[in-house]
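An overview of the molecular structure
Each chain, letter by letter, is given below.
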4 protein chains.
Amino acid sequence: MQADTKAILNRLRRIEGQVRGLQRMVDEDAYCIDILTQVAAVQTALENVAVEVLDGHVRGCVADAVAGGEDGDAKLDELMAAVRRFTKAR
Amino acid sequence: MQADTKAILNRLRRIEGQVRGLQRMVDEDAYCIDILTQVAAVQTALENVAVEVLDGHVRGCVADAVAGGEDGDAKLDELMAAVRRFTKAR
Amino acid sequence: MQADTKAILNRLRRIEGQVRGLQRMVDEDAYCIDILTQVAAVQTALENVAVEVLDGHVRGCVADAVAGGEDGDAKLDELMAAVRRFTKAR
Amino acid sequence: MQADTKAILNRLRRIEGQVRGLQRMVDEDAYCIDILTQVAAVQTALENVAVEVLDGHVRGCVADAVAGGEDGDAKLDELMAAVRRFTKAR
């Protein structure tokens, strides 16, 4: 789990660098299409972070609650609410 | 669960009708923006189906496997692979 | 343009078949993960339709309005409103 | 246009702050669901940036090229390629 945390932190630091790079591009009036390409790259990187965090949560917290027979349903409600926030579904 | 199946089937029948409506619009040379608005509506409807199927799967199959201590990890691997297919993440 | 219309109609007919296939899967109680995989396939197919319709619209209607100097701004407003509907952005 | 650039830069600075906030949350072992909620907020903020950049590009660069009768097709090809990068469509 600590290895996971470190990997996620590294991804987030790289994303921070990418966002700063975007600011530079906008500031220096870079070509719009190049800016859009870079925004798309950051979005994919963020989606990777989301999937990794979700993965750790499902295998850790949710699986423990379900296996322990306690809080399982509440954890599943919460999980599905989080999944919904990543879609346009309601 | 059977109530859920019925609700999902009803949603899919409505989606089929919407897709046929789209064919009519294209065939009758409807205005592109109206077609796009309708495509977006079908996409949201499909996303709702996906979330409902996922919800039933997580609360049924996955929760049972995890609580039963059998197959739990395999079910979680499979679940996360399905979630990834709904993102652009890799 | 008529070749495009035909191609889009063919895509929509295939999507209709996929949606009917989904109904069958749900009706026959297929495995949830297989259903989800199929829903994801239909979503990608629909996104392809949206991009093709948008492509035709931008190159036809919008380009004509902008080049003709008439209605150009209104067409661009309308176009960007349609693009926004395909994102979660506001 | 310069007002737009400033607004986009401000959005990107806020996003950089949100990404640093995410690092802190991960570092301090915040609850996964709270992290996911925050990731979803950053994704929406990035999507808003993308739509704003696209908007400026379409109204500026693309409209000029199309109206000028020069490079119009090349600009439209490039634009549609950028739109495709924001979808899973191929």
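1. Let's talk about unusual backbone geometry
All names here are of chain C.
- Despite not being glycine, Asp29 has its phi angle at roughly 60°, a positive value.
- Relative to the helices and strands, Asp29 resides in the loop between α1 (2-27) and α2 (32-68).
- Owing to a relative accessible area of 62%, Asp29 belongs among the exposed residues under this scheme.

2. Some details on the interface of chain A and chain D
- Each partner contributes to the interface: chain A provides 37 residues, whereas chain D provides 37 residues.
- Surface buried jointly by chain A and chain D totals about 3,400 Å² across both partners, of which 75% is contributed by carbon and sulfur atoms.
- Counting the contacts that link chain A with chain D gives 2 salt bridges.
- Ionic pairing is found between A:Arg20 and D:Glu16, a salt bridge with its closest N-O pair at 3.1 Å.
- Where chain A packs against chain D, one counts 12 residue pairs in polar contact (both at pLDDT 80 or more).
- For the side of chain A that touches chain D, the secondary-structure elements that each account for two or more residues are α1 (2-27), α2 (32-68) and α3 (72-85) of chain A.
- Grouping the constituent residues of the side of chain A that touches chain D by class yields 24 nonpolar, 5 polar and 8 charged.

3. What to know about the relation of the copies chain A and chain D
- Placing chain A over chain D gives an RMSD of 0.0 Å and needs a rotation angle of 180°, together with 0.0 Å of translation along the axis. Within this description, the copies of the chain are treated as partners about a two-fold rotation axis. Identified as the residue of chain A closest to the rotation axis by C-alpha distance is A:Glu16, at 2.9 Å.

4. Section: the packing of helix α1 (residues 2-27) of chain D against helix α2 (residues 32-68) of chain D
Residues and elements named next belong to chain D.
- At their nearest, the axes of α1 and α2 sit 10 Å apart, and the two run at 165° to each other. Overall, the two elements α1 and α2 adopt an arrangement that is roughly antiparallel. Crossing handedness for the pair α1 and α2: left-handed. Residue-level contacts link Ala7, Ile8, Arg11, Leu12, Ile15, Gln18, Val19, Leu22, Met25 and Val26 of α1 to Asp34, Ile35, Gln38, Val39, Ala41, Val42, Ala45, Leu46, Asn48, Val49, Glu52 and Val53 of α2.
- Across the contact of α1 with α2, the residue classes tally to 16 nonpolar, 3 polar and 3 charged.

5. Remarks on the nonpolar core
- One finds A:Ile15, B:Ile15, C:Ile15 and D:Ile15 to be the most contacted residues of the largest nonpolar core, which totals 116 residues.
- Setting aside chain neighbours within four positions, we find A:Ile15 in contact with A:Val42, A:Ala45, A:Leu46, A:Val49 and D:Val19.

The rules behind these values
Residues numbered from 1 in each chain as written. Chains lettered and ligands numbered in written order. Predicted model: local features only at pLDDT ≥ 70, side-chain atom pairs only at ≥ 80, totals over all residues. Heavy atoms only, no water. Helix = DSSP H or I, 4+ residues; strand = E, 2+ residues; numbered from the N terminus. Buried < 20%, exposed > 50% of the residue type's maximum accessible area, 1.4 Å probe, protein only. Contact = heavy atoms within 4.5 Å. Buried area = accessible area lost by both parts, 1.4 Å probe. Salt bridge = Lys/Arg side-chain N within 4 Å of Asp/Glu carboxyl O. Polar contact = N/O pair within 3.5 Å; in protein donor to acceptor, adjacent residues only side chain to side chain. Nonpolar A, V, L, I, M, F, W, Y, C, P; charged D, E, K, R; others polar. Least-squares fit on C-alpha atoms with pLDDT ≥ 70 in both. Axes fitted to C-alpha atoms, helices over the stretch in contact; angles between N-to-C directions. Parallel < 35°, antiparallel > 145°, perpendicular 65-115°, else oblique. Left-handed = near helix turned anticlockwise from the far one by under 90°. Core = buried A, V, L, I, M, F, W, Y, C linked by side-chain atoms within 4.5 Å.

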